[in-house]
Amino acid sequence: MTKDREHALALLKQHNTEEMHVKHALAVEAAMRHFAVKYGEDPDAWGVVGLLHDIDWEETMADPQRHTEKALPWLREAGYPESVVRAVRSHAWGLLQEDVQPESPMEKVLYAIDELTGFVVAVALVRPSKSLGDMEGKSVKKKWKDKAFARGVDRDVIAKGAELLGVSLDSLIEETIVALRPVAKEIGLEG
């Protein structure tokens, strides 16, 4: 049984005090919910995965190879099903010694959009409007080429994620922008 959003949000906030980390989780949640509908899946279940995917980041960010290490027992203790635990683990594919490759549509989407939501948010923040409302994919693609911009975002992971999903990078970017618009206010990008 999947826990509800309120439970997931409370658990996230128990382990994350930085506002930017909570906003990132809200952005990933929104994107996951959007893509769940596109794939004919349960948006509530996918949204919970989006909220919880980086639950241990504040404790592991100094050593990224340990990312998800603490999350897995926390999620199991909280009663989340193995599908959630596996999705959280697989979003760090390529970063960890014991890799879990994304296999299900939910896992592949999470892998593809985790870094991308951060990149889209970064692009929106440097725009004069500071809004997602008037942003288009071409703005993101322009910044994509600037390797000095948001250099912490792994563009290779995003491209690999699009490939895993069998979609173009342009399409993934456009869909992610659309997915984030409903939560623009909550993530500080209403303009």
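Predicted model only: the values in this text are computed from it and were never measured.

A. Molecular detail of the overall build of the chain. Assigned secondary structure in the chain consists of 10 helices and 0 strands. Each helix and strand of the chain, placed in order from N terminus to C terminus, yields the pattern α-α-α-α-α-α-α-α-α-α. By the compact-globule yardstick of 16 Å for 191 residues, the chain fits well, its C-alpha radius of gyration being 15 Å. Taken along the three principal axes of its C-alpha coordinates, the chain extends 45 × 35 × 30 Å. The buried share among the 191 residues of the chain stands at 50%. Within the chain, contacts between residues at least 6 apart in sequence are counted, and of these 62% link residues at least 24 apart.

B. Summary view of the nonpolar core. Within the largest apolar cluster, 61 residues are counted, with the highest numbers of intra-cluster contacts made by M32, L52, Y80, L132 and L172. At 12 residues, helix α7 (residues 105-126) tops the list of elements feeding residues into this core. Each residue touching L132, except ones within four places of it in the same chain, is listed here: V120, A124, I177, L180, R181, A184, I187 and L189.

C. Spatial organisation of the pattern of salt bridges. This model, assessed by the stated rule, comprises 12 salt bridges. Across the pair K38 and E175 runs a salt bridge whose closest N-O atoms are separated by 3.7 Å. Here K38 is found in helix α2 (residues 19-38), whereas its partner E175 is found in helix α10 (residues 169-180), with 137 residues between them in sequence. Residue classification places E175 among the partly exposed positions, given a relative accessible area of 21%. Notably, a salt bridge pairs R86 with E107, separated by 2.6 Å at the nearest N-O pair. With R86 in helix α6 (residues 82-90) and E107 in helix α7, the pair connects residues that are 21 residues apart, well separated along the chain. On the basis of relative accessible area, R86 is assigned to the partly exposed category, the value being 28%. Residue class for E107 comes out buried when judged on its relative accessible area of 5%. It is possible to trace a salt-bridge network through shared partners that takes in R86, E103 and E107.

D. Structural context of unusual backbone geometry. In the Ramachandran plot, T68 falls in the positive-phi region, its phi being about 85° despite a non-glycine side chain. With respect to the helices, strands and loops of the structure, T68 is situated in the loop between α4 (57-60) and α5 (71-77). We note that A150 has phi near 45°; this positive angle belongs to a residue other than glycine. You can see A150 is positioned in the loop between α8 (137-144) and α9 (155-165). You can call A150 partly exposed: its relative accessible area is 22%.

E. Structural context of the packing of α2 against helix α3 (residues 43-52). The interhelical angle for the contact between α2 and α3, taken along N-to-C directions, is 155°, at an axis separation of 7 Å. As judged from the angle between their axes, α2 and α3 are roughly antiparallel. When the axes of α2 and α3 are compared, the crossing they make is right-handed. The segment α2 lies against α3, with A25, L26, V28, E29, M32, R33, F35, A36 and V37 engaging P43, D44, W46, G47, V49, G50 and L51.

F. Examining α2 more closely. The first and last C-alpha atoms of α2 sit 29 Å apart over 20 residues, in line with the 28 Å expected at 1.5 Å per residue. With its phi angle positive at about 70°, G40 sits one or two positions after the end of α2.

G. Geometry of the packing of helix α1 (residues 5-15) against α3. Their axes nearest at 9 Å, the elements α1 and α3 cross at an angle of 5°. Judged by the inter-axis angle, α1 sits roughly parallel to α3. Note on element contacts: α3 touches α1 through V48, L51 and L52, opposite R5, A8, L9, L11 and L12. Looking at side-chain class alone, the contact of α1 with α3 contains 7 nonpolar, no polar and 1 charged residues.

So, how was this worked out
Residues numbered from 1 in each chain as written. Predicted model: local features only at pLDDT ≥ 70, side-chain atom pairs only at ≥ 80, totals over all residues. Heavy atoms only, no water. Helix = DSSP H or I, 4+ residues; strand = E, 2+ residues; numbered from the N terminus. Rg over C-alpha atoms; globule rule 2.2 N^0.38 Å. Buried < 20%, exposed > 50% of the residue type's maximum accessible area, 1.4 Å probe, protein only. Contact = heavy atoms within 4.5 Å. Core = buried A, V, L, I, M, F, W, Y, C linked by side-chain atoms within 4.5 Å. Salt bridge = Lys/Arg side-chain N within 4 Å of Asp/Glu carboxyl O. Axes fitted to C-alpha atoms, helices over the stretch in contact; angles between N-to-C directions. Parallel < 35°, antiparallel > 145°, perpendicular 65-115°, else oblique. Left-handed = near helix turned anticlockwise from the far one by under 90°. Expected span 1.5 Å × (residues − 1). Nonpolar A, V, L, I, M, F, W, Y, C, P; charged D, E, K, R; others polar.

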